[in-house]
Amino acid sequence: MTQADNQLIDPDGRNIHYLRVSVTDRCNYRCTYCMPEDGVDHTARADVLSFEEITALVSAFAGLGVRRVRLTGGEPTVRKDLVTLAGMLAALPGIEDLALSTNGHRLAELAAPLRAAGVTRLNVSLDSLRPERFAKITRRGQVADVLAGLAAAKAVGFASIKLNAVAIKGFNDDEVAALCTFAWQHGFVPRFIEQMPMMEGALFVPGQLMSAADVRAALLADFPGAALVPEPEARLGAGPARYWRLEGGNHDGICRLGLITPITEHFCDTCNRVRLSSSGSLHTCLAHDNAVDLRRALHDGGSAAVQAAILAALALKPPSHLFTLGAKGGPRKSMVQIGG
C-alpha cells in the first residue's frame, strides 16, 4: 500500500500512519512530572489486552495504512514476555517499523532479545545524568541502570536511539548541554520535551515550564560561537519532534537534537498518529479524553468492525489540543495511562 492508498486521512487532511500502543499502564518508576507519589488507579489485569488482541488490532490498523508502531506504557518492559509481543507485531504484513519507548531500567537484559525480535528503534527517558537528582526525579530509579541499558542497546545495533528529557526549570535546566554532549559522544540523539498539563494540570507547577526557546538558549550559552540550524523537513522523524543541528563553536561531529513543543510551538498541523490504550481504547489525540472501545469492536465483529470503528473515530479527530501556558486544557487522563 502506498501513502496514496492510506485510508486514514482525518478531517484536516492529515495522513495517519503511526500507531502508539500502550501495553500496560503500570510503571516501575514514579517520575514527579508524570505520576503522583502514591500512583494512579490502574486498569484491572483482566481488562488489559492480550497479546493476541493487540496483534489483531494492530493488524487492522495495518490494513488501513498504518506502517509504524511504537510500544509504550506506562513502562512497556514491565509487561511479562514483551519480547514475544514484539516478535508477533514485527511479523505482521504492512508493519515496516517497530519501535519502543522505555525508561531503560530493564534495557540491559532486554536490548538483545528485543532487537532480535524485530524492534528497530528506541526512545529512552533520561532526565538527568546526576545519580542523586535522577533518583529524586524517578523516586525509584538508578541512573547507572539506564546507562548500562543504553550501552547494551548500542552494542546490539539499534538503527536509532534517542534520549528523551522532560525539560523543567529548577529541575534539570542546568543539564541541557551535559545531556546533549553525552548523547552525541555515544551516537544518540538528545530530545527535550515541554511538560504537558496532563491530569488537568495536577502535576504542572506554574513557572517551571522550560520552553523550546529556553532549551535553545541554554544550549547555546554553553557553546559560545555556535548556532542552531533547523533541520530540513526531509530529516524530520515520524513523531512530533522538530530537529535542529548545532553548527560552529567548540564541538565536533554531527550534533542533532530534537524539541517536542506542545505548549509553545504547536505541531498539531503535522500530527500523523493515534494511540491505543492497554485496555483497547483508541485515542485520536493525546490531549483529549474522548476514546473508542476497539476491544469490544474486535469481539463483536472482528477486523471489519475494528476498521469501521477506527474510521469513525478518525472522522472526529480534533484539529488541535487545548494546552495553554497556564496549564489549562489538559485531559483528565495521566501520561502513564496512555504512554505519551
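Residues numbered from 1 in each chain as written. Predicted model: local features only at pLDDT ≥ 70, side-chain atom pairs only at ≥ 80, totals over all residues. Heavy atoms only, no water.

J.: Just to check I follow, could you spell out the overall build of the protein chain for this structure?
T.: Of the regular secondary structure elements, the protein chain holds nine helices and twelve strands. The buried share of the protein chain, taken over its 340 residues, is 56%. By sequence separation, contacts in the protein chain at least 24 residues apart represent 73% of the contacts at least 6 residues apart. Per element, the accessible surface of the protein chain, about 14,100 Å² overall, is 52% carbon and sulfur. (Helix = DSSP H or I, 4+ residues; strand = E, 2+ residues; numbered from the N terminus. Buried < 20%, exposed > 50% of the residue type's maximum accessible area, 1.4 Å probe, protein only. Contact = heavy atoms within 4.5 Å. Areas by Shrake-Rupley, 256 points an atom, 1.4 Å probe, with all protein chains shown as cover.)

J.: What exactly am I supposed to notice about the environment of V176 here?
T.: Secondary-structure assignment places V176 in helix α6 (residues 176–185). Residue class for V176 comes out buried when judged on its relative accessible area of 2%. For V176, the contacting residues outside a window of four places in its chain are F192, M210, V215, A218 and L219.

J.: Help me out: how do you make sense of the environment of A212 in this one?
T.: For A212, the location among the structural elements is in helix α8 (residues 212–222). On a C-alpha basis, the gap between A212 and T264 in space is 7.1 Å, while along the polypeptide they are 52 residues apart.

J.: Is there a simple way to explain unusual backbone geometry in this structure?
T.: Trans peptide bonds make up most of the peptide bonds, and negative phi angles are found at most residues other than glycine. Each neighbour pair has its own omega, and for G73 with G74 the value is 5 degrees, a cis peptide bond. The topology assignment puts G74 in the loop between β2 (68–72) and α2 (82–90). Of note in the backbone geometry, D81 takes a positive phi value of approximately 60 degrees without being a glycine. In this fold, D81 is placed in the loop between β2 and α2. You will see that R139, though not glycine, has its phi angle at about 65 degrees, which is positive.

J.: Sorry if this is basic, but what is going on with the pattern of salt bridges here?
T.: Between side chains of opposite charge, pairing is possible as soon as their charged atoms come close. Evaluation of the coordinates by the stated rule reveals 15 salt bridges. Of the charged contacts, one joins R133 and E175 as a salt bridge, the two residues approaching to 2.8 Å between their closest N and O atoms. One end of the pair, R133, is in helix α4 (residues 131–138); the other, E175, is in the loop between β5 (160–167) and α6, with 42 residues separating them in the sequence. K169 is the salt-bridge partner of D214, the closest N and O atoms lying 3.6 Å from each other. One end of the pair, D214, is in helix α8; the other, K169, is in the loop between β5 and α6, and 45 residues separate them in sequence. Overall, the relative accessible area of 34% leaves K169 in the partly exposed class. (Salt bridge = Lys/Arg side-chain N within 4 Å of Asp/Glu carboxyl O.)

J.: How should I be thinking about helix α5 (residues 143–156) in this particular structure?
T.: Structurally, the α-helix is built with 3.6 residues per turn, so residues lying three or four positions apart point the same way. For α5, built from 14 residues, the straight-helix expectation of 20 Å at 1.5 Å per residue is met to within 8% by its first-to-last C-alpha distance of 20 Å. Among the residues making up α5, those that are buried are V143, V146, G149, L150, A152 and A153. Where the residues of α5 are buried, they touch α3 (107–117), β4 (121–125), α4, β5 and α6. Directly after α5, the chain includes G157, whose backbone phi takes a positive value near 85 degrees. (Expected span 1.5 Å × (residues − 1).)

J.: Please clarify how the side chain of D25 should be interpreted in this entry.
T.: Counting through the fold element by element, D25 comes out in the loop between β1 (18–22) and α1 (51–64). Summary of buried charges: D25 has no salt-bridge partner, and the nearest side chain of opposite charge, R26, is 4.5 Å away. (Lys, Arg positive; Asp, Glu negative; His and termini not counted.)

J.: Got a minute to help me understand the sheet that holds β1 in this structure?
T.: Whenever strands of a sheet pair, they do so through backbone hydrogen bonds, lying parallel or antiparallel. Ordered in space as β7-β8-β9-β6-β5-β4-β3-β2-β1-β10-β11-β12, the twelve strands form an open sheet in which the pairing is mixed. At either margin of the open sheet sits one strand with a lone partner, and together these are β7 (227–230) and β12 (292–293). Summarising the sheet, strand β3 (residues 97–102) and β4 pair through four bridges and their orientation is parallel. Note on β4: the bridge partner recorded for S101 is N123. (Pairing = 2+ DSSP bridges.)

J.: Would you mind going over the packing of α2 against α3 with me for this structure?
T.: For any two helices packed against each other, one specifies the inter-axial angle together with the distance between the axes. Taken N-terminus to C-terminus, the directions of α2 and α3 make an angle of 20 degrees; their axes are 8 Å apart at the nearest point. Of the possible angle classes, the one that applies to α2 and α3 is roughly parallel. The two elements α2 and α3 cross, and the hand of that crossing is right-handed. In this structure, α2 uses L82, V83, A86, G87 and A90 to contact α3, whose residues at the interface are L110, P113, L114 and A117. Its residues placed into classes, the contact of α2 with α3 shows eight nonpolar, one polar and no charged. (Axes fitted to C-alpha atoms, helices over the stretch in contact; angles between N-to-C directions. Parallel < 35°, antiparallel > 145°, perpendicular 65-115°, else oblique. Left-handed = near helix turned anticlockwise from the far one by under 90°. Nonpolar A, V, L, I, M, F, W, Y, C, P; charged D, E, K, R; others polar.)

J.: What exactly am I supposed to notice about the packing of aromatic side chains here?
T.: Both the distance between ring centres and the angle between the ring planes are used here to describe each pair of aromatic rings. Per the stated rule, a full pass over the model turns up four aromatic pairs. Arranged with centres 6.2 Å apart and planes meeting at 85 degrees, the rings of Y29 and F134 form a pair that is edge-to-face. In this pair, Y29 is assigned in the loop between β1 and α1 and F134 in helix α4, connecting sequence segments 105 residues apart. With relative accessibility at 3%, the residue Y29 sits in the buried group. For the ring pair Y33 and F171, a centre distance of 6.3 Å and an interplane angle of 80 degrees mean the geometry is edge-to-face. Residue Y33 is found in the loop between β1 and α1, and its partner F171 is found in the loop between β5 and α6; the two are separated by 138 residues along the sequence. (Phe/Tyr/Trp six-rings, centres within 6.5 Å; stacked < 30°, edge-to-face > 60°.)

So, to be careful, I would describe these as geometric facts and stop short of saying anything about function.
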